[in-house]
Amino acid sequence: MTTPANPDPVWRPAPHEFADPSLPSAVRIYEVGPRDGLQAESTLVPTAVKAEFCRRLVAAGVQSLEVTSFVSPKWIPQLADAESLMAELDLPDTVRQVVLAPNQRGLERALTAGAREIAVFVSATETFARKNLNTTVAGALGNARPVVEGAHAAGIETRGYISMCFGDPWEGRVDPGRVAAVAAELAGMGCTSISLGDTIGVATPGHVRAVLDAVQAVGVPIGSIAGHFHDTYGQALANVHAALIAGVTEFDTAAGGLGRCPYAKGATGNLATEDLVWMLHGLGIHTGIDLDTLTDTSHWMAGHVGHPSPSRVATALTAARS
């Protein structure tokens, strides 16, 4: 009897033999690890390590990268080095580099530091707006408007984040109409892309479709919408698939599943970039991401934050290659 050759112990996602015409051929991975991923970490990460993290992510194929936030250091000490990090970065001009600016002072700092794209942050619910932004939903939108206008005056684009689009730990289920109204405001003031955040990870595929339908019904085009899903209840990839069918082609993820919202009880880490890339590659959808390089990057960063990656794909690939 002939003994079969040992198969490669390192699995890779195999694209399905036939293309699904309801799915896009390519997806933009919007990597939030350096900002959203690190902001709640208790271990302060040195600026040089953050800069190297960004370089390694780009080397893995990331082309859309959220670098940092120009928020007050007293609120998020982890990001107090925003200017220093921007000065140290030397990424290719082809890489989309975004920074969060919560107010006009943050915008001024970001522009002085050489920001190329600005993100603003609002809420779909009143309680979260009050607890996280110290204002109301209308107040958050009012604060965002001069930031968007100032960025446009400087010749750069803006991205709008909407948190609590599906559920709020204080208010419960969020009506899709409330999300749509906020999205319409952001689009009206000039945001070229709008990220819909499942901040506490309670969305389901049906709810995702309902929110996307509501947002499109108020005139926000599907091409400007991004999905930002957390995996608290294990639904993040299913929610991505529902959004893909609806035509969404940009998704926010963090390498190794880093990050959580420090102001939202029950929020877990972001959807891991590795887990999403594994699924997308299996669907034959192009991402431009090299899984091995990305997994190495997540493993490296886990050593700096002091805890292992929750990403199942990163964990499995690291174990198989060791």
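In this text, all values refer to a predicted model and were calculated from it rather than measured experimentally.

Asks: Can you tell me about the pairing of strand β3 (residues 96–100), naming the residues and giving the values?
Replies: Among the 5 residues of β3, 5 are classified as buried, and the element is accordingly described as predominantly covered. Residues R96, V98 and L100 line one face of β3 and the alternating positions Q97 and V99 line the opposite face, and both faces are buried. Sheet topology places strand β2 (residues 64–69) next to β3; 5 bridges connect them, and they run parallel. If you follow E66 over to β3, its bridge partner there is V98. Handedness of the crossover is the feature at issue here: the chain leaves β2, passes through helix α3 (residues 82–88), returns alongside β3, and the resulting connection is right-handed. Direction of pairing for β3 relative to strand β4 (residues 117–123): parallel, over a ladder of 2 bridges. Counted as the bridge partner of L100 is A119 from β4. Each parallel crossover has a hand, and the one from β3 via helix α4 (residues 104–112) to β4 is right-handed.

Asks: Just give me the short version of empty space enclosed by the protein, but keep the residues and values in it.
Replies: Summary: where empty space remains is shown by rolling a probe the size of a single water molecule over the atoms. Taken as a whole and judged by the stated rule, the model has 2 cavities of 30 Å³ or more. Roughly 60 Å³ of internal volume is contained in the largest cavity. In terms of lining, the largest cavity is formed by F53, A255, G256, L258, S298, M301, A302, V305, H307, P308, S309 and P310. Among the elements that take part in the lining of the largest cavity, helix α11 (residues 291–305) stands out by supplying 4 residues, more than any other. Classifying every residue of the lining of the largest cavity gives 8 nonpolar, 4 polar and no charged. Considering only enclosed or pocket space, the second largest cavity measures out at about 40 Å³ in volume. Surrounding the second largest cavity, F166, L196, V208, V211, L212, I225, A226, G227, F229 and A243 form its lining. Elements with a contribution of two residues or more to the lining of the second largest cavity: α8 (205–217) and β9 (225–229). A breakdown of the residues in the lining of the second largest cavity according to their chemical character gives 9 nonpolar, 1 polar and no charged.

Asks: Before we move on, can you summarise the packing of α8 against helix α9 (residues 236–246) with the specific residues and values?
Replies: Packing of α8 against α9 brings their axes to within 8 Å, and their N-to-C directions diverge by 35 degrees. In the packing of α8 onto α9, the handedness of the crossing is right-handed. Contacts between α8 and α9 pair P205, V208, R209 and L212 from the former with A238, N239, A242, A243, I245 and A246 from the latter. Along the lines of polarity and charge, the residues of the contact of α8 with α9 split into 8 nonpolar, 1 polar and 1 charged.

Asks: How would you summarise the side chain of T295 if you had to cite specific residues and measurements?
Replies: If you trace the backbone, T295 turns up in helix α11. On the accessibility criterion, T295 (1% relative accessible area) is buried. Sequence-distant contacts of T295, defined by excluding residues within four places in its chain, comprise E274, A314, L317, T318 and R321.

Asks: Please provide a residue-by-residue account of the packing of aromatic side chains, values included.
Replies: On inspection of all chains with the given rule, the structure shows 3 aromatic pairs. On the basis of an interplanar angle of 50 degrees and a centroid distance of 6.3 Å, the ring pair of F121 and Y161 is categorised as tilted. Of this pair, F121 sits in strand β4 while Y161 sits in strand β5 (residues 157–163), and the two are 40 residues apart along the sequence. Looking at F121, the relative accessible area reads 24%, which means it is partly exposed.

Asks: I'd love a proper account of the nonpolar core, names of residues and values included.
Replies: By size, the foremost hydrophobic cluster in this structure holds 94 residues, and its most contacted members are I118, I162 and L196. If near-sequence neighbours (up to four positions away) are discounted, L196 is found in contact with I162, C165, F166, V179, V211, L212, V215, I225, A226, G227 and H228.

Asks: Which residues make up the pattern of salt bridges, and what values do they have?
Replies: Scanning the entire structure with this criterion turns up 19 salt bridges. Across the pair D292 and R321 runs a salt bridge, and its minimum N-O distance is 3.7 Å. Taken together, the residues span a long stretch of sequence, with D292 in helix α11 and R321 in helix α12 (residues 312–321) at a distance of 29 residues. Judged by its relative accessible area of 22%, D292 is partly exposed. Classification of R321 by relative accessible area gives partly exposed; the value is 35%. When salt bridges that share partners are traced, they join R28, R96, E117, R159, E250 and D252 into one network.

Asks: Give a detailed account of the side chain of H228, specifying residues and quantitative values.
Replies: Looking at the element boundaries, H228 is found in strand β9. There is a polar contact of 3.3 Å between the side chain of H228 and the side chain of H230. Beyond its immediate stretch of four places on either side in the chain, H228 contacts D36, Y161, S195, L196, G197, D198, D252 and N270.

Reading guide: rules and limits
Residues numbered from 1 in each chain as written. Predicted model: local features only at pLDDT ≥ 70, side-chain atom pairs only at ≥ 80, totals over all residues. Heavy atoms only, no water. Buried < 20%, exposed > 50% of the residue type's maximum accessible area, 1.4 Å probe, protein only. Helix = DSSP H or I, 4+ residues; strand = E, 2+ residues; numbered from the N terminus. Pairing = 2+ DSSP bridges. Right-handed = clockwise from strand over helix to strand, strands pointing away. 1 Å grid on protein atoms, 1.4 Å probe; cavity = no way out; pocket = protein on both sides within 12 Å on 5 of 7 lines; lining within 4 Å. Points joined across faces, edges and corners; volume = space filled by probe spheres on them. Nonpolar A, V, L, I, M, F, W, Y, C, P; charged D, E, K, R; others polar. Axes fitted to C-alpha atoms, helices over the stretch in contact; angles between N-to-C directions. Left-handed = near helix turned anticlockwise from the far one by under 90°. Contact = heavy atoms within 4.5 Å. Phe/Tyr/Trp six-rings, centres within 6.5 Å; stacked < 30°, edge-to-face > 60°. Core = buried A, V, L, I, M, F, W, Y, C linked by side-chain atoms within 4.5 Å. Salt bridge = Lys/Arg side-chain N within 4 Å of Asp/Glu carboxyl O. Polar contact = N/O pair within 3.5 Å; in protein donor to acceptor, adjacent residues only side chain to side chain.

Honestly, it's all geometry; don't read function into it.
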